[in-house]
Amino acid sequence: MSHAASVSLNLSEAIAAAGQCGATAATGLSAIGLFGGMVSMLLQALLSAQCQVSPASKWPADYDGDLDEEPYDFVVIGAGSAGSVVASRLSENPDWRVLVLEAGGDPPAEAELPALFFGLQHTEFTWNYFAEPSELASRGLKDGRVYWPRGRMLGGSGSANAMLYLRGNRRDYDGWAALGNDGWSYDEVLPFFERSVRAQGNESHPKGYVTLNPFERQDDDIHQMIIAGGLELGVPHVAEFAEGSETGYGHAPGTVRQGERMSTAKGYLAAVAKARPNLHIVKHALVKQLHFHKDLLQGISFERKGRLQRVEVAKEAVLSAGSIDSPALLLRSGIGGREQLQELGIPLQLELPGVGKNLQDHLVVPLFLRLNEGRTQAATQQEILDSIYEYLIHRTGELATHGTASLVGFVNTNGSSIYPDVENHHLFFRRGRHDQLEVFLRGVSFQEQYLQHLQSLLRDSELLCVFLLLSHPQAKGELRLQSRDPALPPLLVSNYLSEREDVATVLRGIRHIESLERTQAFQAQLAEMVHIPIEECDAQHAYRSDGYWSCYARHFTVTCYHQTGTVKMGPATDDQSCVSPRLQLHGARNLRVADASVMPNVVSANTNAATVMIAERAADFIRDDWQHSERQHLKVQHMHADDL
Ligand SMILES: Cc1cc2nc3c(=O)[nH]c(=O)nc-3n(C[C@H](O)[C@H](O)[C@H](O)COP(=O)(O)OP(=O)(O)OC[C@H]3O[C@@H](n4cnc5c(N)ncnc54)[C@H](O)[C@@H]3O)c2cc1C
């Protein structure tokens, strides 16, 4: 980031003078109009550049035709990370009519700018879910509840996420296969990862719809400090996470292109929708229920513009509403544990006790380091203005990236394996960027007194927040319905830090960050762990003792937004599994689930890449099954003809 301002414009004075300048320009006394014309051209260019960030033409049209005419071959519920992929792949066959029902609409402009992704939270573009309060975790958050947003727009959470592209570790997928999920080992899923993306620097890769690129690098001194600190502790610097998430510090590529987000809704849907009359996308369509006759899904009802509608399914439906809404929709449709459904008075359609169970998430304990106290320049208003101009006109600069967030550290805190047990993300706040810190801390729901304390430090220091993420949580949470009324959100239980092993791993992760704090690289930037005053922890424990850090972790337990596993994949012999290894709902003939909810165990990395891979696999299974049966059908017809 360029910290030097080239022109010393006093912004407040300039704004105050603007009114007077307008009056002078109107009377035309002190200008001949040439310069005024140039300024007006600039203003028009800026306004038009603003409109180009997310114009409606960037997104597929909202289908407004008659949905009752004939059944759709395939109906995909949710146009998120996974649903967009499934719908795009299925509609490659021009003979198949494909319908997508998405509860949200087009993403707002803010979703396009990598730097603003936290700003989407707590808005109408997110499902604003909160987990239940717990004695064991998240006590320093508002109402003691951790906020679990999911994207509610085309692209789903993939339009609200931090765009980091990481596949997870070979061992994750081999572990899925070992649970009886044939075909899901790392070597078997790798081609589906490759199929989904255009590799970095390869704009003409024939397979992938989603482009990967490095994030523009800002705050290079901070990147170097973290990498050098890691090296001092023996954690390697990894040029590329070649085989998923192996231990080391390295830069993750982003699902980003020329400074703009590249969600699957953009890459897979918008890119093809105009050319595919067999693909219909209906926005603001809130699916309410799945209708079965015995084991056959026949129709889907949804609400749109205040009207309840129903669409019929000829071949299959694919549920891609994400790890919270997919199980919730199944439960509302009578698919789940018998007792829970009976309690709510929902008629049992299909007994699948695993629906909503096995909820896994990467909990995060954010730790703050104060840097360069008293010796760093505060960000100026002019730099902020420059960054807006730079983004609007060139799609580069501070707004085209999220600073240090792309620098990821996978660490094994036992030092005994290359399989990481924690992952670190890094969020850097320059001195004076109270606006950025505010958006972040409000996003993660910090209570006001903690927010104010951190804000006060930013007056004369920089802050580095290390997002300490638990890679393999032993504790599992749960999703239940609190009512059959779809207007009421499901009840979410995080169970964060309810297993001793998880607390122990978090403690080792914190010790790793303390060791980093003591390295020469960190000391050169005057790094010092922030002691946030927490009454309960300070009263009961010596600062930095194990007891203190456990107490700290139980106050500041947030999420990395990786909820998974609530409609678990597994063989029919596992009574907690909900879908087969071909992603078919156990006990139903024509319903598949394809999204992050099917992961039997959360991968040891951020979950978007794995979700896209799952969706590619789902489309492949469907194509295989139906093309095979259509070929069989044709063969039978031909045989009949020959017989005649
Ligand atoms: C803030 C945030 C940051 C993240 N950062 C990263 C990151 O940097 N890297 C990474 O790998 N992962 C990241 N993740 C996680 C990743 O984005 C998700 O794992 C992934 O997007 C999940 O995809 P999905 O298809 O399962 O669900 P989603 O993408 O959430 O899609 C579900 C879709 O279904 C729609 N829907 C839900 N209910 C209904 C209904 N009843 N009717 C109709 N439509 C419905 C939703 O509106 C949504 O569009 C992040 C997530 C969040 C929220």
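Residues numbered from 1 in each chain as written. Predicted model: local features only at pLDDT ≥ 70, side-chain atom pairs only at ≥ 80, totals over all residues. Heavy atoms only, no water.

Draft legend 1. Layout of the overall build of the chain. In terms of regular secondary structure, the chain is built from 17 helices and 24 strands. On C-alpha atoms alone, the chain measures out to a radius of gyration of 26 Å, which is about the 26 Å that the 2.2 N^0.38 rule sets for 644 residues. Counting only C-alpha atoms, the chain reaches 90 × 70 × 45 Å along its principal axes. Among the 644 residues that make up the chain, the fraction classed as buried is 57%. In the chain, the share of contacts with a sequence separation of at least 24, taken over all contacts with a separation of at least 6, comes to 73%. For the chain, the exposed area adds up to about 26,500 Å²; of that, 52% sits on carbon and sulfur atoms. Across the chain, 56 positive and 77 negative side-chain charges occur, with their mean positions spaced 3 Å apart. (Helix = DSSP H or I, 4+ residues; strand = E, 2+ residues; numbered from the N terminus. Rg over C-alpha atoms; globule rule 2.2 N^0.38 Å. Buried < 20%, exposed > 50% of the residue type's maximum accessible area, 1.4 Å probe, protein only. Contact = heavy atoms within 4.5 Å. Areas by Shrake-Rupley, 256 points an atom, 1.4 Å probe, with all protein chains shown as cover. Lys, Arg positive; Asp, Glu negative; His and termini not counted. Charge placed at Lys NZ, Arg CZ, Asp CG, Glu CD.)

Draft legend 2. Seen up close, the site of the ligand. Neighbouring the ligand are 38 residues, the closest being Ser81, Glu102, Ser157, Thr607 and Asn608. At a separation of 2.7 Å, an oxygen atom of the ligand approaches a polar side-chain atom of Ser157. For the ligand, an oxygen atom lies 3.4 Å from a polar atom in the backbone of Gly158. In the complex, 98% of the free accessible area of the ligand, which totals 1,000 Å², lies under the protein chains. (Near = heavy atom within 4 Å. Polar contact = N/O pair within 3.5 Å; in protein donor to acceptor, adjacent residues only side chain to side chain.)

Draft legend 3. Representation of the pairing of strand 19 (residues 462-470) in the model. Among the nine residues of strand 19, nine are classified as buried, and the element is accordingly described as predominantly covered. Of the two faces of strand 19, the one carrying Glu462, Leu464, Val466, Leu468 and Leu470 and the one carrying Leu463, Cys465, Phe467 and Leu469 are both buried. Here strand 16 (residues 363-371) pairs with strand 19 via eight bridges, running antiparallel. Opposite Leu371, over in strand 19, you have Glu462 as the bridge partner. (Pairing = 2+ DSSP bridges.)

Draft legend 4. Main features of the layout of surface pockets. As a volume, the second largest pocket reaches approximately 920 Å³. Forming the boundary of the second largest pocket are 41 residues, of which Ala115, Leu116, Glu398, Leu399 and Gln436 lie nearest the centre. Looking at the lining of the second largest pocket, the element that brings in the most residues is helix 10 (residues 381-394), giving five residues. Of the residues assigned to the lining of the second largest pocket, the class counts are 23 nonpolar, 12 polar and six charged. (1 Å grid on protein atoms, 1.4 Å probe; cavity = no way out; pocket = protein on both sides within 12 Å on 5 of 7 lines; lining within 4 Å. Points joined across faces, edges and corners; volume = space filled by probe spheres on them. Nonpolar A, V, L, I, M, F, W, Y, C, P; charged D, E, K, R; others polar.)

Draft legend 5. Molecular detail of the pattern of salt bridges. In this structure the tally under the stated criterion is 42 salt bridges. Arg589 is the partner of Asp295 in a salt bridge, and the nearest nitrogen-oxygen pair spans 3.4 Å. Placement of Asp295 in the loop between strand 11 (286-293) and strand 12 (296-304) and of Arg589 in the loop between strand 23 (558-559) and strand 24 (591-593) is noted, with a sequence separation of 294 residues between them. With a relative accessible area of 29%, Asp295 lands in the partly exposed category. Among the residues examined, Arg589 registers a relative accessible area of 56% and is labelled exposed. In this structure, the salt-bridge partner of Glu383 is Arg430, at a minimum N-O distance of 3.0 Å. Pair noted here: Glu383 is in helix 10 and Arg430 is in the loop between strand 18 (422-429) and helix 11 (434-443), with a separation of 47 residues, a long-range link. We note that Glu383, like Arg430, is buried. Within this structure, Arg89, Glu92, Arg195, Glu616, Asp620 and Arg623 form a network of salt bridges that share partners. (Salt bridge = Lys/Arg side-chain N within 4 Å of Asp/Glu carboxyl O.)

Draft legend 6. Broad picture of unusual backbone geometry. Of note in this structure, Ser138 is not a glycine but carries a positive phi near 60°. On the basis of relative accessible area, Ser138 is assigned to the buried category, the value being 3%.

Draft legend 7. Region of the structure containing the state of the cysteines. Counting across every chain of the model gives one disulfide. Here Cys537 is linked by a disulfide to Cys551, with a sulfur-sulfur distance of 2.0 Å. Across the S-S bond linking Cys537 and Cys551, the dihedral sits near -80°, which makes this disulfide left-handed. Highlighted residues: Cys537 in helix 15 (residues 535-540) and Cys551 in helix 16 (residues 546-555), separated in sequence by 14 residues. Using a relative accessible area of 0% as the deciding quantity, one classes Cys537 as buried. (Disulfide = S-S within 2.5 Å.)

Draft legend 8. Quick look at the UniProt feature "binding site: FAD" (unreviewed entry) in the chain. UniProt annotation of "binding site: FAD" (unreviewed entry) refers to Val287 when read in the numbering used here. Among the structural elements, Val287 can be located in strand 11. Val287 gets classed as buried once you look at its relative accessible area, which sits at 11%. Apart from residues no more than four positions distant in its own chain, Val287 is found in contact with Ile77, Leu101, Ile300, Ser301, Phe302 and Leu329. (UniProt positions renumbered as here; feature names shortened; annotations may be inferred.)

Draft legend 9. Looking closely at the confidence of the model for the chain. Here the chain averages 92 in pLDDT, while 92% of its residues score no lower than 70. Residue range residues 1-8 is modelled with pLDDT below 50. Its contacts to residues more than four positions away, or to other chains, number 12 contacts. Low pLDDT (under 50) marks residues 636-644, which in the prediction has zero contacts with non-local residues, meaning those over four places away or in another chain. Reported confidences for the modelled complex are a pTM of 0.94 and an ipTM of 1.00. (pLDDT = per-residue confidence, 0-100.)

Draft legend 10. Just the packing of helix 3 (residues 81-90) against helix 7 (residues 264-273), in detail. Between helix 3 and helix 7, the shortest axis-to-axis distance is 8 Å and the interhelical angle comes to 25°. Relative to helix 7, the element helix 3 lies roughly parallel. Remark: the crossing between helix 3 and helix 7 carries left-handed chirality. Contacts between helix 3 and helix 7 pair Ser81, Ser84, Val85, Ala87, Ser88 and Arg89 from the former with Thr264, Ala265, Tyr268, Leu269 and Val272 from the latter. (Axes fitted to C-alpha atoms, helices over the stretch in contact; angles between N-to-C directions. Parallel < 35°, antiparallel > 145°, perpendicular 65-115°, else oblique. Left-handed = near helix turned anticlockwise from the far one by under 90°.)

Draft legend 11. Local environment of empty space enclosed by the protein. Within this structure, the stated rule accounts for three cavities of 30 Å³ or more. Taken as a whole, the largest cavity spans an internal volume of roughly 80 Å³. Every residue along the wall of the largest cavity is listed here: Ser81, Gly158, Tyr165, Val197, Val210, Thr255, Met262, Ser263, Thr264, Asn608, Ala609 and Val612. Class assignment of the residues belonging to the lining of the largest cavity gives a composition of six nonpolar, six polar and no charged. Each pocket or cavity is described by its volume, and for the second largest cavity that value is around 60 Å³. The class makeup of the residues in the lining of the second largest cavity is seven nonpolar, four polar and two charged.

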